[in-house]
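This is what each chain is made of:
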Amino acid sequence: MTMHVLDPAPGTVTPLAFHDVVRAAPVLRDVVARTPLLRSPEADDLLGRPVYVKAENTQRTGAYKFRGAYLALSRIPPLDRARGIVTDSGGNHAHAVALAGRLLGAPVTAILPDDSDDLTRSAITALGATVVLHHPDEIAEPLVRRLLAQGHTLLRHNGHRNLISGAGTVALEMMQDAADLEALLVPLGSGTLAAGAALVTQHHPGVRVFGFEPSAAAGTQRSLSVGRRLSGTASATSACCLRRDPARLPFAIIQQHLYHQVLTVTEADIARAMSVLWRYFGQVAEPSGAVALAGLLAHSQQLPDGPVGVVLSGGNIDPRHFRQGLEATSPCADTA
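Since the model is a prediction, treat every value here as computed from it, not as a measurement. (Residues numbered from 1 in each chain as written. Predicted model: local features only at pLDDT ≥ 70, side-chain atom pairs only at ≥ 80, totals over all residues. Heavy atoms only, no water.)

**Student:** Looking at this model, I keep getting lost on the overall build of the chain. Mind explaining?
**Tutor:** A tally of helices and strands in the chain yields 14 helices and 11 strands. Counting the 336 residues in the chain, one finds 59% classified as buried. Counting contacts in the chain only where the partners sit at least 6 residues apart, residues at least 24 apart contribute 74% of the total. Surface exposure of the chain reaches about 13,500 Å², of which carbon and sulfur atoms provide 51%. (Helix = DSSP H or I, 4+ residues; strand = E, 2+ residues; numbered from the N terminus. Buried < 20%, exposed > 50% of the residue type's maximum accessible area, 1.4 Å probe, protein only. Contact = heavy atoms within 4.5 Å. Areas by Shrake-Rupley, 256 points an atom, 1.4 Å probe, with all protein chains shown as cover.)

**Student:** Got a minute to help me understand the sheet that holds strand β10 (residues 262-265) in this structure?
**Tutor:** Note: strands within a sheet are paired through backbone hydrogen bonds, in either parallel or antiparallel orientation. Strands sit in the order β2-β3-β11-β8-β9-β10 across an open sheet of six strands; the sheet is mixed. Pairing within the sheet leaves two strands with one partner each, and these edge strands are β2 (37-38) and β10. Bridging between β2 and strand β3 (residues 51-55) involves two bridges; their strand directions are antiparallel. Bridged to L37 within β3 is K54. Across the sheet, helix α8 (residues 161-177) is in contact with β2, β3, β8 (183-187) and β11 (308-312); its angle to β11 comes to roughly 145°. (Pairing = 2+ DSSP bridges. Axes fitted to C-alpha atoms, helices over the stretch in contact; angles between N-to-C directions.)

**Student:** Got a minute to help me understand empty space enclosed by the protein in this structure?
**Tutor:** The gaps left among the atoms become clear once a water-sized probe is rolled over them. Scanning the entire structure with this criterion turns up two cavities of 30 Å³ or more. When its volume is computed, the largest cavity comes out at roughly 290 Å³. What lines the largest cavity is a set of 28 residues, among which Y64, K65, S190, T192 and L193 lie closest to the centre. For the lining of the largest cavity, the secondary structure elements donating two or more residues are α3 (65-74), α5 (91-104), α8 and α9 (192-201). Ranked by residue count, the leading element in the lining of the largest cavity is α3, at four residues. Residue classes in the lining of the largest cavity are distributed as 11 nonpolar, 13 polar and four charged. (1 Å grid on protein atoms, 1.4 Å probe; cavity = no way out; pocket = protein on both sides within 12 Å on 5 of 7 lines; lining within 4 Å. Points joined across faces, edges and corners; volume = space filled by probe spheres on them. Nonpolar A, V, L, I, M, F, W, Y, C, P; charged D, E, K, R; others polar.)

**Student:** Explanation requested: the packing of helix α1 (residues 18-28) against α8 in the structure shown.
**Tutor:** What describes two packed helices is the angle between their axes and the distance between those same axes. Where α1 meets α8, the closest approach of the two axes is 8 Å, and the angle between their N-to-C directions is 80°. The orientation of α1 with respect to α8, classified from their angle, is roughly perpendicular. Between α1 and α8, the contacting residues are F18, D20, V21, A24, A25 and L28 on the first element and R161, S165, G166, G168, T169 and L172 on the second. (Parallel < 35°, antiparallel > 145°, perpendicular 65-115°, else oblique.)

**Student:** I'm lost on the pairing of β11 in this one. Help?
**Tutor:** Two faces make up the sheet, and in a regular strand the side chains alternate between them. Across the five residues that make up β11, a large majority, five, are buried. Along β11, one buried face is formed by V308, V310 and L312 and the opposite face, lined by G309 and V311, is buried too. As judged from the five bridges shared by β3 and β11, these two strands associate in the parallel manner. Bridged to K54 within β11 is V311. As judged from the three bridges shared by β8 and β11, these two strands associate in the parallel manner. Counterpart to L184 in the pairing with β11 is G309.

**Student:** Just checking my understanding: could you explain the side chain of T35 for this structure?
**Tutor:** Along the polypeptide, T35 turns up in the loop between α1 and β2. On the basis of relative accessible area, T35 is assigned to the buried category, the value being 3%. Here E56 takes part through its side chain, which lies 2.4 Å from a polar atom of the side chain of T35. Not counting residues within four places of it along the chain, the set of residues in contact with T35 comprises K54, A55, E56, T58, Q59, R67 and E173. (Polar contact = N/O pair within 3.5 Å; in protein donor to acceptor, adjacent residues only side chain to side chain.)

**Student:** Got a minute to help me understand the pairing of strand β6 (residues 130-134) in this structure?
**Tutor:** Looking at chain direction, strand β5 (residues 108-113) and β6 are connected through five bridges and run parallel. Paired with I111 across the bridge in β6 is V132. You can see the chain leave β5, run along helix α6 (residues 118-126) and come back into β6, and the turn it takes is right-handed. (Right-handed = clockwise from strand over helix to strand, strands pointing away.)

Dropping the structure here:
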């Protein structure tokens, strides 16, 4: 049986460009939500400039990742899709893959750590996907290889080109809806969203992309400082979805376009950003989803003075943790 892995080997990747994002947009147009770009005069006063918040927490599955997941699955040949999709990335990515699989008739198996939260598991199983649990201290690779041998296709979270192109449609919509933006602020984990935004802004030379990551999980910033991808740099952070090593293809794009525009935020910055998003925009943000606004709060002097667009990348958080997050965030293990 042929093995399918949606992550090309080193040296086989062709460059991504703006047209890849443009080509993704019509595929997604009738499937993804065109999420709103929110304004708040009170927030503008607080932050000292016009601020536009892209509410991807209102996207299907509650996060921007559905865009790339659907695009990637839609481009798998139907016979291969029918054999099944497997992902060993939990949280928002697995949720997005589960919905994409349901819409496209592809059975999905999500391999999750057995300490993943009940909300994540129930959301994935409600979409008809199969959840397989493994101990968080053990690698999921043996389970993945077994399913690959049965003909499944693997879709990880970490920077496949269709994930980047799909994520780039977030920035594409922002530029269409607010032509006066001077900066786009995005959270950084594996780098998919930042890479997609960088591709879009190559056609908007007056706009700069800034990526923000928790200081406890500053894998991209540290990797940029030495000129190569580092692994194992993350420690505990409330922004669990961003506790990632930079992925190969996104890092190459970020290295080229955002070298001096990757900054870090503290846990207190993230907690404050969650509060601002709730108070001034009426939006529920998970800690990872609030990191871009945290960057604006923490690094205002390093950003352009004009209008900025901020990606609220996700809002999947249970009410108890959200209430806690409005006051302060607590470190947690990676569940994304």
